[in-house]
Amino acid sequence: MTNLKVHGTAPQDLEGDLASLRGDCARMVEHWTAPDRITALPVPPSHIHGVTVPPASARLLDAMSDYGD
């Protein structure tokens, strides 16, 4: 077993450099397709249930200013 001692503050790159990482990413880019656009639909209030807020949290939020101090 190898005992790797690192004395610097930055992590040591044990598997390659930034150029090899960029090359790996370039080869994988065709597998990382994202959808063109995701449209979030509004949720009707009747579907929102089961949310409870403890009284202490409600008082804390009520005491906070809306836009900071």
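Refer to the structure above for everything that follows.
Caption draft 1: Structural context of the overall build of the protein chain. Scanning the protein chain from N- to C-terminus turns up two helices and zero strands. Expressed as a percentage of its 69 residues, the buried residues of the protein chain come to 0%. Of the roughly 7,400 Å² of accessible surface on the protein chain, a fraction of 59% belongs to carbon and sulfur atoms.

Caption draft 2: Local environment of the pattern of salt bridges. Scanning all chains against the criterion turns up one salt bridge. In this structure, R27 engages D24 in a salt bridge whose closest nitrogen and oxygen atoms are separated by 2.3 Å. You can see R27 and its partner D24 sitting in helix α1 (residues 18–28), three residues apart, about one turn around the helix.

Caption draft 3: Structural detail: a nonpolar patch on the surface. A grouping of V43, I48, V51 and V53 is seen on the molecular surface, where their side chains present a nonpolar patch of about 400 Å² in accessible area. Residue classification places V43 among the exposed positions, given a relative accessible area of 51%.

The rules behind each value
- Residues numbered from 1 in each chain as written.
- Predicted model: local features only at pLDDT ≥ 70, side-chain atom pairs only at ≥ 80, totals over all residues.
- Heavy atoms only, no water.
- Helix = DSSP H or I, 4+ residues; strand = E, 2+ residues; numbered from the N terminus.
- Buried < 20%, exposed > 50% of the residue type's maximum accessible area, 1.4 Å probe, protein only.
- Areas by Shrake-Rupley, 256 points an atom, 1.4 Å probe, with all protein chains shown as cover.
- Salt bridge = Lys/Arg side-chain N within 4 Å of Asp/Glu carboxyl O.
- Patch = residues over 30% accessible without salt bridge, like charges linked within 9 Å, V, L, I, M, F, W, Y side chains within 5 Å.

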